[in-house]
Each structure stands twice: as structure tokens, then as C-alpha cells.
Amino acid sequence: LESISDGQISIDQFFDTGLGVCPYNGTRCDDGVAFSGGRTSPVPGDAKNCLLCRHFVTGEPWLLPLILKQQMFSGQAADLARSIRELERELEQSEGRRAGIIKESLVAAVPPDLTRKIRHLEYEIERQSLDLDCLLSTMNRTHLIIEQVKARMANQFCFCPTRLLRLRHTARELASS
């Protein structure tokens, strides 16, 4: 908000994400996470993951959309976890089949398609696990934002829908939460 007040950021650049405002119209995702010493890095996940961005501005007017987004994330996380479990079961069966072939014959007797399937399953489990990790980080950050907005609302004597809450965070804050 300081940059906005000082005139460093033109309000013409504002973009309402539905969960808050991006003061840079989505053009600063590449430096959305700040580290000590002035270093920055891109927003985890991908561009437009505003909930993890240090530039993101949100507050009371977006509380309900934030809560709904949090519920959507919860459903996505459950689906991803279920998918990972199914892949792990399939991997276990394929590895058991491979172990049986090796026990009866030699390693060379393992069909190449079984080896490829096992590698593909391992890759897919790793990819989906990383997606789940990123989603859980975003869920955690969303929860913290919601709690901060609620706390700010509880400390006010009246509800002012035009008041914005600036939420800055560093990688260290994300790691500790």
C-alpha cells in the first residue's frame, strides 16, 4: 500500500483477481517471493498463484471468495491424494510382478514394457506429489490470509468494504507456517 500511496504504482494497473488485487496486473509473478538481502524468486506453482505472491492485496471485500477458494483447494487436494494412492497401489503390483519374474528367471527376463510402466508410475507419483505439495502450501497460505482478514475485521468497530489489507510474506514466513 505504501507504493500505491507514494504514487509508485498507478491504480490503472490494478487487476482484480476475484480474491484480491494485483497491483501489477499479473506482470510481477517472476519476483513474487522476497528473500532476505533483496533477492526474489518467482511465485511457486506458476504465474498467477496470487495467494503466494508478496504483491497481492486482499481484505474484507474478498473474504467469502477466499473461503470458497480454500474449500475448492481442499477438494482438489483430496482428489490428488486419492490419485496418488491409486498410482502407488498400481506401482506396488507392478513391482511385485517384476520381483516374481526376477525370482523365477533373471533380471533380463523382465519385459521392457513392465520396466517402462514402473518408471512411468514412479514419475507420475513424483509429479503429482509435487503438485499436492504446492497445493497444500497454497491452502496453508490461504488459511493464514483468511485468519488475518477475520482478525482485522474483529478489531474494527465497523465494517468498511473499501479498506484493503496488505499481506506481505517472505519465504521464511511461508516455511514457518
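Residues numbered from 1 in each chain as written. Predicted model: local features only at pLDDT ≥ 70, side-chain atom pairs only at ≥ 80, totals over all residues. Heavy atoms only, no water.

Caption draft 1: A look at the overall build of the chain. Across its full length, the chain carries four helices and six strands. Going residue by residue from the N terminus, the α and β elements of the chain occur as α-β-β-β-β-β-α-α-β-α. By the burial criterion, 34% of the 177 residues in the chain qualify as buried. In the chain, of all internal contacts separated by at least 6 residues, the share reaching a separation of at least 24 is 63%. Surface accessibility of the chain: about 10900 Å² in total, with carbon and sulfur atoms responsible for 54%. (Helix = DSSP H or I, 4+ residues; strand = E, 2+ residues; numbered from the N terminus. Buried < 20%, exposed > 50% of the residue type's maximum accessible area, 1.4 Å probe, protein only. Contact = heavy atoms within 4.5 Å. Areas by Shrake-Rupley, 256 points an atom, 1.4 Å probe, with all protein chains shown as cover.)

Caption draft 2: Just the nonpolar core, in detail. One finds Leu51, Phe56 and Leu66 to be the most contacted residues of the largest nonpolar core, which totals 28 residues. When residues of this core are traced back to their parent elements, those giving at least two are helix 2 (63-104) and helix 3 (112-154). The leading source of residues in this core is helix 3, at 10 residues. (Core = buried A, V, L, I, M, F, W, Y, C linked by side-chain atoms within 4.5 Å.)

Caption draft 3: View of the pattern of salt bridges. Taken as a whole, this structure holds seven salt bridges when the rule is applied. Put simply, Asp31 and Arg28 hold a salt bridge, and the shortest N to O gap is 2.7 Å. For Asp31, a relative accessible area of 12% puts it in the buried group. The class of Arg28 is partly exposed, set by a relative accessible area of 28%. For Arg82, the salt bridge is made with Asp79, and the minimal N-O distance between the two is 2.9 Å. In this pair, Arg82 and Asp79 both sit in helix 2, three residues apart, roughly one turn of the helix. Judged by its relative accessible area of 46%, Asp79 is partly exposed. When salt bridges that share partners are traced, they join Arg28, Asp31 and Arg54 into one network. (Salt bridge = Lys/Arg side-chain N within 4 Å of Asp/Glu carboxyl O.)

Caption draft 4: Representation of the packing of aromatic side chains. Under the defined criterion, the tally for this structure stands at zero aromatic pairs. Above the plane of the ring of Tyr24 lies Arg28, whose end atom (NZ or CZ) is 4.3 Å from the centre. (Phe/Tyr/Trp six-rings, centres within 6.5 Å; stacked < 30°, edge-to-face > 60°. Lys NZ or Arg CZ within 6 Å of the ring centre and 35° of its normal.)

Caption draft 5: How the structure looks around the confidence of the model for the chain. Considering every residue of the chain, the mean pLDDT works out to 83; 80% of them sit at 70 or more. The secondary structure element of the chain with the lowest average pLDDT is strand 6 (residues 165-166), at 44, and the one with the highest is helix 2, at 96. Taken as a whole, residues 157-175 scores under 50 in pLDDT and shows 50 contacts with residues more than four places along the chain or in a different chain. (pLDDT = per-residue confidence, 0-100.)

Caption draft 6: Layout of helix 2. In this model, helix 2 (42 residues) spans 61 Å end to end at C-alpha, consistent with the 62 Å of a helix rising 1.5 Å per residue. Along helix 2, the residues that are buried comprise Leu63, Leu66, Gln70, Phe73, Ala77, Leu80, Ile84, Leu87, Leu91, Ser94 and Ile101. (Expected span 1.5 Å × (residues − 1).)

Caption draft 7: Representation of the side chain of Thr138 within the structure. One can find Thr138 in helix 3. Contacts of Thr138, omitting those with residues within four sequence positions, involve Asn49, Leu51, Leu52 and Phe73.

Caption draft 8: How the structure looks around the packing of helix 2 against helix 3. Two numbers describe how helix 2 lies on helix 3: the axes approach to 8 Å, and their chain directions differ by 160°. Regarding the angle of helix 2 to helix 3, the classification is roughly antiparallel. As helix 2 packs across helix 3, the resulting crossing turns out to be left-handed. Along the lines of polarity and charge, the residues of the contact of helix 2 with helix 3 split into 23 nonpolar, 10 polar and 10 charged. (Axes fitted to C-alpha atoms, helices over the stretch in contact; angles between N-to-C directions. Parallel < 35°, antiparallel > 145°, perpendicular 65-115°, else oblique. Left-handed = near helix turned anticlockwise from the far one by under 90°. Nonpolar A, V, L, I, M, F, W, Y, C, P; charged D, E, K, R; others polar.)

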